[in-house]
Amino acid sequence: SVSFDDGDHWQSLSLNLPDMPVADLIVERNDLAIAGHGRGFYILDNIGPLRQAGTPTMSGDAVLFKPNNAIRSYSQATVQYILRKPATSITLEFVDAKGTVIRKLTGGTATPPAPAVEPNAGGGRGGRGGGGAAMPLSTSVGMNSATWNLRYPDATSFPGMILWGGNVTGPMAPPGTYTVKLTVDGKTLSQPLVVERNPLYSATDAELIEQFNFLIQVRDKTSEANNAVIQIRKIKSDVADRVAKANGDAKLKGAADQLVANLSQVEGEIYQVKNQSGQDPLNYPIKINNWLAGLLSMVGNGDGKPTTEAPKIFIDLSAKLKVQTDNLAEVFSKDFIAFNAEVKRLGLEPVIK
């Protein structure tokens, strides 16, 4: 039995526990282990919400329980909440100490589908970008739960991207205190969430923070490279559209060919455009975005600070990427403007960067 008012009232909590002599009880973090005489062991896991039952925070149409501590490289962050009436809209945000919203899950009829929360599936040889889609938050009456895999958002990816020995998976949150915010039909509740380092690993909190700070830089630089490819491909598609509408105008066709050729030159230096399958990198060398994705994967594989050479590699790759983004800027300042001048002459819609 369990009491939520210091023993004045009791109610059953036997669940599937049979009537039997109990030899011992022990609470390990958030699990209650019961030793039955001659009947084995029974475990009631995740007793965090039970510890908070009967407190003032249990009142209201929505209740957000303080999450159990999450442990890096061991457990996810699990958030539980109670709804006493169906919700029209609901959001759940995980916020870091700087106020940055790391993940946002949504549910209900008034909000868009939730973004991906699972780690990116790409990685290893022939890996591709892309993570699993999150289930929308439940708006049903009763106890509900949602999880966060402790990872920050992935680097930008694009359809059909082939990576060799790399991925775009976002870094894992370093140890510290975060905030969980649950907003139900305009009313916001919040609770602290503590992320701990795995005690089985030797890395200190400071080393894990150093790892995270480095990985965020690599992730953002990977996104910069991939966003350049995305931008180039969109412009090339729009250029093809304008050429098709120009009814064979020679001057527009010449400007288009020049622009597309120079755009493709930059694209091919950032990403290996010849790769069409996971094994193609055996024949065609990977380019800047894949080297960055490889660094992201290597340093993010496990709990530990970056190696001595990792920052040097990152500086070198960043410099190589800047050469190409500078080249892209030059294309925009010359060929792109020249093409749009021909587009304007023909009365067509200009191409937007």
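What you see is a predicted model, and the numbers here were worked out from it, not measured in a lab.

Draft legend 1. Region of the structure containing helix H2 (residues 205–245). With 41 residues, H2 should reach 60 Å at 1.5 Å per residue; the first-to-last C-alpha distance of 59 Å fits that figure. Of the residues flanking the end of H2, it is asparagine 247, one or two places downstream, whose phi is positive at about 55 degrees.

Draft legend 2. Focus on the environment of serine 138. Within the secondary structure, serine 138 sits in the loop between strand E9 (127–128) and strand E10 (142–148). Exposure remark for serine 138: the relative accessible area of 24% places this residue in the partly exposed category. In this structure, the C-alpha to C-alpha distance between serine 138 and glutamate 349, residues 211 residues apart in sequence, is 44 Å. A polar contact of 3.2 Å, which involves the side chain of serine 138, links it to the backbone nitrogen of serine 140. For serine 138, the side chain forms a polar contact with the side chain of asparagine 144, separated by 2.7 Å.

Draft legend 3. Local environment of the pairing of strand E6 (residues 77–83). Along E6, 6 of the 7 residues are buried, which leaves the element largely enclosed by surrounding structure. For strand E4 (residues 62–64) and E6, the ladder comprises 3 bridges, and the chain directions are antiparallel. Bridge assignment links alanine 62 to a residue of E6, and that residue is leucine 83. Pairing between E6 and E10: 7 bridges, direction antiparallel. What sits directly across from alanine 77, in E10, is tryptophan 148.

Draft legend 4. Quick look at the pattern of salt bridges. Considering all chains together, one arrives at 18 salt bridges under this definition. Among the ionic pairs, aspartate 238 bridges to lysine 234, the shortest N-O distance being 2.9 Å. Taken together, the residues span about one helical turn, with aspartate 238 and lysine 234 both in helix H2 at a distance of 4 residues. Note on aspartate 238: relative accessible area 17%, which makes it buried.

Draft legend 5. Region of the structure containing the sheet that holds E6. One open sheet accounts for 3 strands, arranged E4-E6-E10; its pairing is antiparallel. Among the strands making up the open sheet, the edge pair consists of E4 and E10. For this sheet, the mean angle separating the axes of adjacent strands, direction not counted, is 25 degrees.

Draft legend 6. Region of interest: the layout of surface pockets. The computed volume of the largest pocket comes to approximately 540 Å³. Lining the largest pocket are 26 residues, with Asn30, Asn68, Asn69, Tyr74 and Ser75 sitting closest to its centre. Looking at the lining of the largest pocket, the elements that each hand over two or more residues are helix H1 (48–52), strand E5 (70–71) and E6. No other element matches the 4 residues that E6 contributes to the lining of the largest pocket.

Draft legend 7. Layout of the side chain of asparagine 289. Position of asparagine 289 relative to the elements: it lies in helix H4 (residues 288–300). The exposure class of asparagine 289 is buried, given its relative accessible area of 1%. There is a polar contact of 2.9 Å between the side chain of asparagine 289 and the side chain of asparagine 226. Aside from chain neighbours lying at most four places away, what touches asparagine 289 is Phe158, Met161, Leu163, Thr222, Ala225, Asn226, Ile270 and Tyr271.

Definitions and cut-offs
- Residues numbered from 1 in each chain as written.
- Predicted model: local features only at pLDDT ≥ 70, side-chain atom pairs only at ≥ 80, totals over all residues.
- Heavy atoms only, no water.
- Helix = DSSP H or I, 4+ residues; strand = E, 2+ residues; numbered from the N terminus.
- Expected span 1.5 Å × (residues − 1).
- Buried < 20%, exposed > 50% of the residue type's maximum accessible area, 1.4 Å probe, protein only.
- Polar contact = N/O pair within 3.5 Å; in protein donor to acceptor, adjacent residues only side chain to side chain.
- Pairing = 2+ DSSP bridges.
- Salt bridge = Lys/Arg side-chain N within 4 Å of Asp/Glu carboxyl O.
- Axes fitted to C-alpha atoms, helices over the stretch in contact; angles between N-to-C directions.
- 1 Å grid on protein atoms, 1.4 Å probe; cavity = no way out; pocket = protein on both sides within 12 Å on 5 of 7 lines; lining within 4 Å.
- Points joined across faces, edges and corners; volume = space filled by probe spheres on them.
- Contact = heavy atoms within 4.5 Å.

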